[in-house]
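For reference, the chains in residue letters:
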Amino acid sequence: MKVFMNGKIVKKEDAKISVFDHGLLYGDGVFEGIRAYNCLVFKLKEHIDRLFESAHTIMLSVPYSKKYIMDATIRTLQANRLRNAYIRLLVTRGEGDLGLDIRKCQGNAKLIIITDKIALYPRRLYEQGLKIITVPTIRNLPEALNPQIKSLNYLNNILAKIEAINAGYEEAIMLDSLGYVAECTGDNIFIVKNKKLYTPPQCMGTLRGITRDTILEIARQKDISTNEHVITRHEMYNSDECFLTGTAAEIVPVVNIDGRKIGRGKPGPVTKMLLEEFRKVTKKDGVKYKL
Ligand code: PXG
């Protein structure tokens, strides 16, 4: 495996960073998770734009242009001869001293691009659906650490994931400080009620997922009413269908939440249609590359 590190493609064993890198010391940096399908990088521009927005908010100056990073992503995929891939792109603050002062890291930001084969969820999951629970850890308050910032500090989500796993589940629903549904640990959440689609608004402690946006777009094209407004647990429990969206998971049907059966307890027609349409989009849209 080869990794892109600051302008060079190096062997995995040689891809190393300093123990004084603030990415390691403080989770001070930003990242993106991207997918390539059959030599097409899905929504590459949108991911790079979001990376730059995260970096802008934390006042991290990305040492390369958007165009350079897009080309570097493709070069890394080619160097690894990957037709289908999961791409992890990160920018760390770089080496500084043991204090928090970012001025000590000036000019040291590092760009790292890791490409790997995608670990697909088992087919069974998409056919039978997932059982999930809400957990005690709430999503970070936007006033404290805005969930729009895809920072290298994912402890908020990791804590929620631990709680789900400890309870015997694979994914957790995180609520916001008011008790409304925010999102899952690495996915956005949607419900369907009376053929209408609902998802929490991005201002309520929810990442504006790129898969989420794609699903909203597909739904509008299919004349399904889309609504971005707050969702309570009651509304979720009484929905006809529920599903999660994310780059890694794509669209995963949810059939049981906190012990309540959702709809008929199996993936519903709107979820299935959206998954099918989403797969069509990933087959034709994207930045093309050759191997
Ligand atoms: N919410 C959160 C908190 C996320 O981290 C999404 C939603 C979905 O966004 P996209 O743009 O991918 O549709 C994410 C995605 C993983 C993994 O292994 C996923 C994410 C981050 C880290 C790991 O599934 N981000």
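Refer to the structure presented above.
Residues numbered from 1 in each chain as written. Predicted model: local features only at pLDDT ≥ 70, side-chain atom pairs only at ≥ 80, totals over all residues. Heavy atoms only, no water.

## Quick word on empty space enclosed by the protein
Worth spelling out the cut-off: Grid spacing is 1 Å over the protein atoms alone, the probe is 1.4 Å, and a cavity is where that probe fits but cannot get out, while a pocket is an open set with protein on both sides within 12 Å along at least five of seven lines and lining residues have an atom within 4 Å of a point. Grid points are joined across faces, edges and corners, and a volume is the space filled by probe spheres set on the points. All residues other than Ala, Val, Leu, Ile, Met, Phe, Trp, Tyr, Cys, Pro, Asp, Glu, Lys and Arg, Gly among them, are scored as polar; the first ten of these are nonpolar and the last four charged. Residue ranges for the domains trace back to a domain assignment, done automatically or taken from a database.
Counted under the stated rule, the structure contains 3 cavities of 30 Å³ or more. Approximately 60 Å³ is the volume found for the largest cavity. Within the lining of the largest cavity, the residues separate by chemical class into 4 nonpolar, 4 polar and 2 charged. Here the lining of the largest cavity gathers at least three residues from each of two domains, domain 1 (2–116) and domain 2 (123–281).

## Some points on the pairing of strand β11 (residues 196–199)
Definition in use: Paired strands, in this sense, are two strands between which DSSP finds at least two bridges. Only DSSP runs of H or I with at least four residues qualify as helices, and only runs of E with at least two residues qualify as strands; both kinds are numbered from the N terminus onward. If the strands point away from the viewer and the path from the first strand over the helix to the second runs clockwise, then the crossover is right-handed.
Strand direction decides the pairing type here: strand β10 (residues 188–193) and β11, joined by 3 bridges, are antiparallel. Bridge pairing in β11 places Lys 193 opposite Lys 196. Between β10 and β11, which pair antiparallel in sequence order, lie 2 residues; one of them, Asn 194, sits at a positive phi of approximately 50°. Sheet topology places β11 next to strand β12 (residues 226–228); 3 bridges connect them, and they run parallel. Among the inter-strand pairings, Tyr 198 is bridged to a residue of β12, identified as Asn 227. As for the winding sense of the linkage, the β-α-β connection from β11 through helix α6 (residues 210–221) to β12 is right-handed.

## Observations regarding the site of the ligand
Operational definition: Being near a molecule or strand, for a residue, means having at least one of its heavy atoms within 4 Å of it. Under the rule applied, a polar contact is a pair of N or O atoms within 3.5 Å (in protein, one hydrogen donor and one hydrogen acceptor; residues adjacent in sequence only if both atoms are side-chain atoms). Only the protein chains shown count as cover for residues, with accessible areas throughout obtained via the Shrake-Rupley method and a probe of 1.4 Å. The rule for placing a molecule in a cavity or pocket is simple: more than half of its atoms must lie within 2 Å of the grid points.
The immediate surroundings of the ligand are formed by 20 residues, with Lys 150, Tyr 154, Glu 183, Thr 211 and Thr 247 found nearest. One of the side-chain nitrogen or oxygen atoms of Lys 150 is found 2.6 Å away from a nitrogen atom of the ligand. Within the side chain of Glu 183, a nitrogen or oxygen atom sits 2.6 Å from a nitrogen atom of the ligand. About the coverage of the ligand: the protein hides 86% of its 550 Å² of free accessible area. At a threshold of 2 Å from the grid points, most atoms of the ligand map onto the largest pocket. Mapped by element, the contributors of at least two residues to the shell around the ligand are α6 and β13 (241–246). Split into classes, the residues belonging to the shell around the ligand amount to 5 nonpolar, 9 polar and 6 charged. When residues of the shell around the ligand are assigned to domains, at least three map to each of domain 1 (2–116) and domain 2 (123–281).

## Section: helix α5 (residues 155–166)
Heads up, the condition is: An expected span of 1.5 Å times one less than the residue number is assigned to each helix. Only protein chains enter the accessibility calculation, which uses a 1.4 Å probe; a residue whose area is less than 20% of its type maximum is buried, one above 50% is exposed, and one in between is partly exposed. Note that the arc is computed from the directions linking the helix axis to the C-beta atoms. What makes two residues a contact is simply this: any of their non-hydrogen atoms within 4.5 Å.
Spanning 12 residues, α5 covers 16 Å between terminal C-alpha atoms, matching the ideal 16 Å at 1.5 Å per step. The complete set of buried residues in α5 reads Asn 156, Asn 157, Ala 160 and Ala 164. Projected down its long axis, α5 carries its buried residues within an arc of 90°, all on one side. Those residues of α5 that are buried are in contact with β7 (130–134) and β8 (172–175). Positive backbone phi, at 90°, marks Gly 168, one or two positions downstream of α5.

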